[in-house]
Amino acid sequence: MGPARPRARRLVALWFGPDWNSVGGTFQDVRWEWVAVAIAINLASIASRAIAWDLVIDQALPHPPRFRLVFSAFCVGLLANAVLPGRIGELARVAVLTRRMDRRRRSWATLVGTVVAHRMFDLIPIVLLVLYVLVTAKIPAWAYSIIVAVVSIGATLFLLAVVSARSAGKARLDGLGTVRRAIHMAREGLAVMHRPAPAAGAIFFQSGGWVCQLFAVYTAMRAFDIHEAVPAAALVLLVMNVATVIPLWPGNVGAVQLAIATPLVSYGVAYDNGIAFGFGLQAIEASVGIGIGLLFLAHEGLSFASLRRMPAATDADIGSEEPGQQTATEATRARARVPG
């Protein structure tokens, strides 16, 4: 009966929730030097992923923007994703970037395609992470089906992106309707899918961002006195991302902590400590995204309220010109040698 009692206590803790006094007490013993290291590694992750998006954009636009503009837009997108539901940040970064570019319709829809391609390249490090976790980590039985489903959906979307990719500049858009024109331009944003060298570069930097995130989780565990090896950190990173696949509310706060704490129980981490670590880890990542996002939001001269309006502005600009106007406008800008 001895071994049955700890198992029963764990089930009770999982069912009725943590002891919030214990959760609060965990924060009194946080080692802040490890928090600082985790924040620095997260910053490196952001830079690496922004470089990956920049490589994708370079293959989609004949006159791509400078990296500093891409990085600024990427950081504002992180802010929007952190504080608003529904992945608004993906369109927000397109809106911020196009403010500094020639506002022709071609750029808007094509940049949306680059965001899709950039997200598709996440599949490679995710698959590697899943394989590493399956081989090395202690995974709850219920998690296997979820992991397989997420990877299967991701693989299907990646294949569709490769098939749908179109080389930049080859499509004739005059005479097409608004919807078909937007689809053609978005497919040009996927052009990197058919270019091995730039695609490999984008995958390298995107994977580098994930490696940084892995070690940010590892160092954050040290901050909360969780001394487990890298496989446990990999499991936390995986379940954290699975818990945020569908953004039901900002950050999916609560669901993320449950997803993190539950598998850590199998490593001997108390459920209350796991919940506290979940809040701490999410706070570390959010503080980086929100902090650097606010910095670049101010740099762009934008207000926080403008983030909510950016997706609507994107949709409006994609369909704002008639087919005949598009050709004339592009010809005029070509003569003026204005980059788009």
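Residues numbered from 1 in each chain as written. Predicted model: local features only at pLDDT ≥ 70, side-chain atom pairs only at ≥ 80, totals over all residues. Heavy atoms only, no water.

Turning our eyes to something else, we now look at the overall build of the chain. When its secondary structure is counted, the chain shows 15 helices and zero strands. For the chain, buried positions account for 49% of its 340 residues. Sequence separation of 24 or more characterises 74% of the internal contacts of the chain that already satisfy a separation of 6 or more. Looking at the chain as shown, the accessible area adds up to about 15900 Å², and 66% of this sits on carbon and sulfur atoms. (Helix = DSSP H or I, 4+ residues; strand = E, 2+ residues; numbered from the N terminus. Buried < 20%, exposed > 50% of the residue type's maximum accessible area, 1.4 Å probe, protein only. Contact = heavy atoms within 4.5 Å. Areas by Shrake-Rupley, 256 points an atom, 1.4 Å probe, with all protein chains shown as cover.)

The full count for this structure, using the stated rule, is eight aromatic pairs. Residues W53 and F74 carry aromatic rings whose centres are separated by 6.4 Å and whose planes lie at 45° to one another, so their mutual orientation is tilted. Of this pair, W53 sits in helix α3 (residues 32-60) while F74 is found in helix α4 (residues 67-83), placing the two residues 21 residues apart along the sequence. Given the relative accessible area of 0%, W53 is considered buried. With a centroid separation of 6.4 Å and 75° between ring planes, the pair formed by F215 and Y218 is classed as edge-to-face. Residue F215 and its partner Y218 are both found in helix α10 (residues 196-223); the two are separated by three residues, about one turn of the helix. (Phe/Tyr/Trp six-rings, centres within 6.5 Å; stacked < 30°, edge-to-face > 60°.)

A word on the pattern of salt bridges. This model, assessed by the stated rule, comprises five salt bridges. The shortest N-O distance in the salt bridge between R119 and E90 comes to 2.7 Å. In this pair, R119 is assigned in helix α6 (residues 105-120) and E90 in helix α5 (residues 88-99), connecting sequence segments 29 residues apart. For R99, the salt bridge goes to E300, with nearest N and O atoms at 3.3 Å. Of this pair, R99 sits in helix α5 while E300 sits in the loop between α13 (271-299) and α14 (306-318); the two residues are 201 residues apart in sequence, bridging distant segments of the chain. Among the residues examined, E300 registers a relative accessible area of 6% and is labelled buried. (Salt bridge = Lys/Arg side-chain N within 4 Å of Asp/Glu carboxyl O.)

This next bit is on the nonpolar core. Residues V133, V217, I260, F277 and L281 are the most contacted members of the largest nonpolar core, which totals 37 residues. Counting only elements with at least two residues in this core, the list comes to α3, α7 (123-136), α8 (141-164), α10, α11 (230-243), α12 (255-264) and α13. Ranked by the residues each element gives to this core, the list is headed by α11, at 10 residues. When sequence neighbours within four positions are dropped, the list of residues in contact with L281 reads V217, A220, V236, M240 and I260. Among the nonpolar cores identified, the runner-up in size contains 33 residues, and L84, L97, L111 and L307 belong to it. (Core = buried A, V, L, I, M, F, W, Y, C linked by side-chain atoms within 4.5 Å.)

So, on to the environment of L129. With respect to the helices, strands and loops of the structure, L129 is situated in helix α7. Judged by relative accessible area, which is 8%, L129 ranks as buried. For L129 and L238, which are 109 residues apart along the polypeptide, the C-alpha to C-alpha distance reads 7.2 Å. Each residue touching L129, except ones within four places of it in the same chain, is listed here: W210, A234, L237 and L238.

For α5, with 12 residues, the first-to-last C-alpha span of 17 Å sits near the 16 Å given by 1.5 Å per residue. Judged by how many residues are buried, α5 sits mostly within the fold: 10 of 12 residues are covered. Taken as a whole, α5 has its buried residues at I88, G89, E90, A92, R93, V94, A95, V96, L97 and T98. (Expected span 1.5 Å × (residues − 1).)

Right, let's talk about the environment of L159 for a bit. By the secondary structure assignment, L159 is in helix α8. The exposure class of L159 is exposed, given its relative accessible area of 56%. For L159 and M120, which are 39 residues apart along the polypeptide, the C-alpha to C-alpha distance reads 9.2 Å.

Per-residue confidence for the chain averages 79 on the pLDDT scale, and 75% of its residues sit at or above 70. When pLDDT is averaged over each element of the chain, α3 comes out on top at 96 and helix α15 (residues 323-336) at the bottom at 38. Within the model, the stretch residues 320-340 combines pLDDT values under 50 with 26 contacts to residues more than four positions away or in other chains. (pLDDT = per-residue confidence, 0-100.)

Another point: the environment of M101. Looking at the element boundaries, M101 is found in the loop between α5 and α6. For the pair formed by M101 and L69, sequence separation is 32 residues and the distance between their alpha carbons is 9.6 Å.

A separate point is a nonpolar patch on the surface. A contiguous nonpolar patch, built from L128, L131, L134, V135 and Y144 and spanning about 500 Å² of accessible area, is present on the exposed surface. Mapped onto the secondary structure, L131 falls in helix α7. Here L131 falls in the partly exposed class, since its relative accessible area comes to 47%. (Patch = residues over 30% accessible without salt bridge, like charges linked within 9 Å, V, L, I, M, F, W, Y side chains within 5 Å.)

Turning to its location among the elements, N252 is positioned in the loop between α11 and α12. Excluding its chain neighbours within four sequence positions, the residues that come into contact with N252 are A243, T244, I246 and P247.

Attention now goes to the side chain of D122. Mapped onto the elements of the fold, D122 is located in the loop between α6 and α7. For D122, a relative accessible area of 7% gives the class buried.

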